[in-house]
Amino acid sequence: MTLLPSAHPISYPYHTKETNSDSFYSPSVTKNDKFHDASISPSLIQSIQIPLVQNKTKHVIPPFHLPFGQPLSTPKRDQRDKKIFALVRHLYGMQPFLQEAQFVPVSKACGLPRYLNMAFFREIDALEDSNDCVSFAQFIRGWLTLSYGRHDDESLIFNILKRPGYNFLSPEDFLPVLEDIVLNHPGLQSLAENPMFQERYIETVICRIYYDGRCPSGKMTLTQFRHSKFTDRIKKLGPNVDLNTTQDFFSYKHFYVLYCKFWVLDTDHDLMISQHDLIKYNQATLSLWTVQRIMMCGKIAAFSQNCQSTWDKMATLTYLDFIWFLLSEADKSTPMAIDYWFRCMDADGTGVLTRYDLSQFWEDQDIRQRFYGIGAEDRIRFDDVLQQMNDLIQPKTPYQFQLRDLKRNGTLAI
C-alpha cells in the first residue's frame, strides 16, 4: 500500500530530509542503521501508515478588557459617521456657521442627550478655536476627534466633558451641563431671577455626582464616571421630566432639603459652619467627640480649594462638605458613607477600629443615658454593643474592625 503524497513536506523528529514513496523508511528504521534487519522488506515498511501531523492552529484570545466599549468594525463605524454627516449637512443648509443655541439638533443627530449640547458645542469650539461659530467642516473634524476610540456612550460623553490632555474630570468640567440645565429646563425657570439659588443648585448636583461616583479626590476617572451613572441620568433628563419628583442627583426637591438644612445651621449665612453650628444638627444628637472628628476629617479634597486660609480649613465646613456629611449620615450603608464614618472614627489613623477607639464615642452615649435617668439595669452597655458588632460583622481579628470588614455588608456596618 502506497502512501498518498502530502501537499507539504512533513517533518519528523528523526528525519532531516524530505522522502518519497520509493525511499521511505520508518523513523525508527533507517538505511544506515547498523541494527537494520535485512529480513524486513521495503514493501512491508511502505505498508505501515504513519499518521500525518497537522499544523496546530493558533487560538487568538479575544480582548476582554475594553475600557472604552466594544469596538465597531470599520465599515459599521464609517456607515455611522456618514449617516451623522448627512443629517448635519442638511441641518446646516446654506448657513456657513452655527452658534450654540442652533446646535441642539446637531447634538441630537450625534445621539447625544439634550442637555449635553452646551458642553459639546464648547468642546468643538475650543478644539477648533472657532470663536463661538462652528462650521460644518469644523464639526466634522471635532466629531471625529472626540469620538475616535470611544465605542460606548459613557466613554464618549466622558471625552466630551474632560479637558484636552487630561484623563480625568474635575468638578468644573460639569459646569456646561449644569448651566445648560439651569438655563433651559422648564422646571428651573423659577430660578431665572435668583442667581444665588442657581449657583447653589449647580454646586449641589456636582457634589452629588462625585459622591455617587465615589470620588472624594475631585479627579474622576472613567471607572468612577461609570459608577456615578451620569450618562443614564442625563439621557433620561428631558424637558418634560419633573425635577420635583425625580430621585436622582438632578432633583430640585433634594437640593432644596439639603440647602435648607445647611441654611438653618449657617446662622450668619457665610456658607461656612463651625463646630458650634454643627453640634446643633438634628437637635444635638451628635456627641461632642463625633462633631470634633467630623470637623477634623470631614473636609472633602474635591472642593477644599475654595477655602481661603489654613484656619478656615480646620475650623469650618463648607456647604459642599456639609452635603457630603449629610448624604453619609442619611444612608450609612453606602460605600462612600462607610468610608466617611470609618475615617472619622479612626482617631489614631491605624486603619483599625479597636475597643479603645469605639469606647471614646460611647462615653457620651453613656452620659446621656444617666442624664435622662435610665437605671443601671436598663442602660445599654458598651460591652454588649461591642459583642453584638463582633458577632454580626465577624472581623478577621476579633474586636478589631477594618474597613474591608465593614464593607462586606453595608447594612451590618450601620
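Above this note sits the structure.
Residues numbered from 1 in each chain as written. Predicted model: local features only at pLDDT ≥ 70, side-chain atom pairs only at ≥ 80, totals over all residues. Heavy atoms only, no water.

Asks: Go over the packing of helix 7 (residues 175-184) against helix 8 (residues 195-212), please, and point to the residues and values.
Replies: With their axes 10 Å apart at the nearest point, helix 7 and helix 8 run at an angle of 130 degrees to one another. The orientation of helix 7 relative to helix 8 falls into the category oblique. Here the hand of the crossing between helix 7 and helix 8 comes out right-handed. Facing Leu-175, Leu-178, Glu-179, Ile-181 and Val-182 of helix 7, the residues of helix 8 in contact are Gln-198, Tyr-201, Ile-202, Val-205 and Ile-206. For the contact of helix 7 with helix 8, the per-class residue count stands at eight nonpolar, one polar and one charged. (Axes fitted to C-alpha atoms, helices over the stretch in contact; angles between N-to-C directions. Helix = DSSP H or I, 4+ residues; strand = E, 2+ residues; numbered from the N terminus. Parallel < 35°, antiparallel > 145°, perpendicular 65-115°, else oblique. Left-handed = near helix turned anticlockwise from the far one by under 90°. Contact = heavy atoms within 4.5 Å. Nonpolar A, V, L, I, M, F, W, Y, C, P; charged D, E, K, R; others polar.)

Asks: Describe the side chain of Ser-287, listing the residues and the values that go with them.
Replies: Topologically, Ser-287 is positioned in the loop between helix 12 (275-278) and helix 13 (288-297). Within the local environment of Ser-287, its side chain forms a polar contact with the side chain of Thr-290, the two groups lying 2.7 Å apart. With residues up to four places along the chain from it excluded, the contact list for Ser-287 reads Asp-364, Gln-365 and Arg-368. (Polar contact = N/O pair within 3.5 Å; in protein donor to acceptor, adjacent residues only side chain to side chain.)

Asks: Lay out the packing of aromatic side chains with the relevant residues and their values.
Replies: Within the structure shown, the criterion is met by 36 aromatic pairs. Over the ring of Phe-136 we find Arg-89; its NZ or CZ atom is 4.6 Å from the centre of that ring. Across from the ring centre of Tyr-166, 4.2 Å away, lies the NZ or CZ of Arg-163, which sits over that ring. (Phe/Tyr/Trp six-rings, centres within 6.5 Å; stacked < 30°, edge-to-face > 60°. Lys NZ or Arg CZ within 6 Å of the ring centre and 35° of its normal.)

Asks: Outline the packing of helix 8 against helix 11 (residues 252-265), supporting the account with residue identities and numerical values.
Replies: Contact pair helix 8 / helix 11: the axes reach a minimum separation of 10 Å and the direction vectors enclose 100 degrees. Relative to helix 11, the element helix 8 lies roughly perpendicular. Residues Met-196, Phe-197, Arg-200, Tyr-201, Thr-204 and Arg-208 of helix 8 form the contact with helix 11, whose own contacting residues are Tyr-252, His-254, Phe-255, Tyr-256, Leu-258 and Tyr-259. Tallied by class, the residues present in the contact of helix 8 with helix 11 amount to eight nonpolar, two polar and two charged.

Asks: Go over unusual backbone geometry, please, and point to the residues and values.
Replies: Phi is positive for Asp-132, which is not a glycine, with a value near 65 degrees. Relative to the helices and strands, Asp-132 resides in the loop between helix 4 (117-128) and strand 2 (134-135). At Lys-229, a residue that is not glycine, the phi angle is positive and equals roughly 60 degrees. Topologically, Lys-229 is positioned in the loop between helix 9 (222-228) and helix 10 (230-236).

Asks: Could you give an account of helix 18 (residues 382-393), with specific residues and numbers?
Replies: A rise of 1.5 Å per residue sets the reference length of helix 18, with its 12 residues, at 16 Å; its end C-alpha atoms lie 16 Å apart and thus fit the reference within 8%. The set of residues buried in helix 18 consists of Phe-382, Leu-386, Asn-390 and Ile-393. Seen along its axis, helix 18 keeps its buried residues to an arc of 90 degrees; they face one direction. Count one or two residues on from helix 18 and you reach Gln-394, which has phi positive near 50 degrees. (Expected span 1.5 Å × (residues − 1). Buried < 20%, exposed > 50% of the residue type's maximum accessible area, 1.4 Å probe, protein only. Arc of directions from axis to C-beta.)

Asks: Break down the nonpolar core for me, with residues and values.
Replies: Formed by 84 residues in total, the largest nonpolar core has its most connected members in Phe-139, Phe-174, Tyr-201 and Phe-230. Excluding residues that lie within four positions of it along the chain, Tyr-201 makes contacts with Leu-178, Ile-181, Val-182, Leu-188, Leu-243, Phe-250, Ser-251, Tyr-252 and Phe-255. Core analysis: the next-biggest nonpolar cluster, separate from the first, contains 10 residues, Phe-342, Leu-353, Ile-393 and Leu-406 among them. (Core = buried A, V, L, I, M, F, W, Y, C linked by side-chain atoms within 4.5 Å.)

Asks: So what's going on with the pattern of salt bridges? Residues and values would help.
Replies: When the charged atoms of two side chains lie near each other, side chains of opposite charge can form a pair. Counting across every chain of the model gives 20 salt bridges. Glu-100 is paired through a salt bridge with Arg-122; the nearest N and O atoms lie 3.0 Å apart. Taken as a pair, Glu-100 in the loop between strand 1 (97-98) and helix 3 (104-109) and Arg-122 in helix 4 lie far apart in primary sequence, 22 residues in all. With a relative accessible area of 23%, Glu-100 lands in the partly exposed category. Salt-bridge contacts for Asp-383 lead to Arg-355; the nearest nitrogen and oxygen are separated by 2.4 Å. Of this pair, Asp-383 sits in helix 18 while Arg-355 sits in helix 17 (residues 355-371), and the two are 28 residues apart along the sequence. For Asp-383, a relative accessible area of 34% translates into the label partly exposed. Residue classification places Arg-355 among the partly exposed positions, given a relative accessible area of 44%. Each of Arg-355, Arg-381, Asp-383 and Asp-384 takes part in a single network of salt bridges with overlapping partners. (Salt bridge = Lys/Arg side-chain N within 4 Å of Asp/Glu carboxyl O.)

Asks: Before we move on, could you go through the environment of Asp-173 and cite the residues and values that matter?
Replies: Of note, Asp-173 is situated in the loop between helix 6 (153-161) and helix 7. As for Asp-173 and Ala-119, which are separated by 54 residues in sequence, their C-alpha atoms are 8.8 Å apart. Excluding anything up to four places from it in sequence, Asp-173 contacts Leu-161, Lys-162, Arg-163 and Phe-168.

Asks: How would you sum up a nonpolar patch on the surface? Please name residues and give values.
Replies: On the surface, Phe-371, Tyr-372 and Ile-374 cluster together into a nonpolar patch covering about 390 Å² of accessible area. Here Ile-374 shows up in the loop between helix 17 and helix 18. (Patch = residues over 30% accessible without salt bridge, like charges linked within 9 Å, V, L, I, M, F, W, Y side chains within 5 Å. Areas by Shrake-Rupley, 256 points an atom, 1.4 Å probe, with all protein chains shown as cover.)

Asks: Give a description of helix 4 that names residues and reports values.
Replies: Helix length check: helix 4 (12 residues) gives 17 Å between terminal C-alpha atoms against 16 Å at 1.5 Å per residue, within 8%. Asn-117, Met-118, Ala-119, Phe-120, Phe-121, Glu-123, Ile-124 and Asp-125 are the residues of helix 4 that are buried. Where the residues of helix 4 are buried, they touch strand 1, helix 3, strand 2, helix 5 (136-147), helix 6 and helix 7. One or two residues past the end of helix 4 sits Asp-129, with phi positive at roughly 50 degrees.

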